[in-house]
Amino acid sequence: MQPLPIPCPADLVPDATGMDAFTTPYSAAKEQRAVFVAIERQGPRWTVKTDARTAPQRTLDTPVYDAVREAVSHLIGSRQIRPDSFADPVYVVLYDVDGEGRARELAAALHAAFYGDLEPLARAAPSTS
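Parameters and conventions
Residues numbered from 1 in each chain as written. Predicted model: local features only at pLDDT ≥ 70, side-chain atom pairs only at ≥ 80, totals over all residues. Heavy atoms only, no water. Axes fitted to C-alpha atoms, helices over the stretch in contact; angles between N-to-C directions. Helix = DSSP H or I, 4+ residues; strand = E, 2+ residues; numbered from the N terminus. Parallel < 35°, antiparallel > 145°, perpendicular 65-115°, else oblique. Left-handed = near helix turned anticlockwise from the far one by under 90°. Contact = heavy atoms within 4.5 Å. Nonpolar A, V, L, I, M, F, W, Y, C, P; charged D, E, K, R; others polar. Salt bridge = Lys/Arg side-chain N within 4 Å of Asp/Glu carboxyl O. Buried < 20%, exposed > 50% of the residue type's maximum accessible area, 1.4 Å probe, protein only. Pairing = 2+ DSSP bridges.

A. Structural view of the packing of helix α2 (residues 62-77) against helix α3 (residues 100-114). Remark: α2 packs on α3, axes separated minimally by 10 Å, with the N-to-C direction vectors making an angle of 160 degrees. When the axes of α2 and α3 are compared, the pair comes out roughly antiparallel. Of the two possible hands of crossing, α2 and α3 adopt the one that is left-handed. Side by side, α2 and α3 meet where Val64, Val68 and Leu75 of the first sit next to Arg102, Leu106, Leu110 and Ala113 of the second. Looking at the contact of α2 with α3 residue by residue, the classes come out as six nonpolar, no polar and one charged.

What follows is the structure, given as structure tokens:
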């Protein structure tokens, strides 16, 4: 698998639906020491995953983590994702995203956040404050 650009644009976020489809991009991210990002189809809805355990040098520092948590909270509060979605400094998962395009947009925004760019996240999940 070709290395993903950093940050990964929405159209290149891998679809990791199914075990074989998940293993390839996860292994590639681990080998490249890059943040894993993918979307998965869950019935009619989508799940977004970003995982920095594949890139030990990457974690969300406090201001970025706070922004990611606020975005996840906003998405939960506006019922765009399930309430059991979560964010921690190394792993973010969003459940029940409506549509592949929206899942790709959120995945790319979260991936950018792990590399310090919060602008895509601000566009994808604007704060209500």
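B. Summary view of the pattern of salt bridges. Tallying each qualifying case throughout the model produces nine salt bridges. Between Asp84 and Arg82 there is a salt bridge, with its nearest N and O atoms 2.8 Å apart. Among the residues examined, Arg82 registers a relative accessible area of 31% and is labelled partly exposed. As a salt-bridge pair, Glu105 and Arg102 come within 2.7 Å of each other at their nearest N and O atoms. Of this pair, Glu105 and Arg102 both sit in helix α3, three residues apart, which is roughly one turn of that helix. Among the charged side chains, a network of salt bridges with common partners joins Arg82, Asp84 and Asp96.

C. Quick look at the sheet that holds strand β4 (residues 91-97). As summarised here, the arrangement of the four strands in space is β1-β2-β4-β3, forming an open sheet in which the pairing is antiparallel. With one partner strand each, in any of the chains shown, β1 (36-42) and β3 (86-87) form the two edges of the open sheet. When strand β2 (residues 45-51) meets β4, the two strands line up antiparallel, connected through five bridges. Each bridged residue has a counterpart across the sheet, and for Val48 the counterpart in β4 is Leu94. Taken strand by strand, helix α1 (residues 19-32) contacts β1 and β2, and its axis lies near 170 degrees from that of β1.

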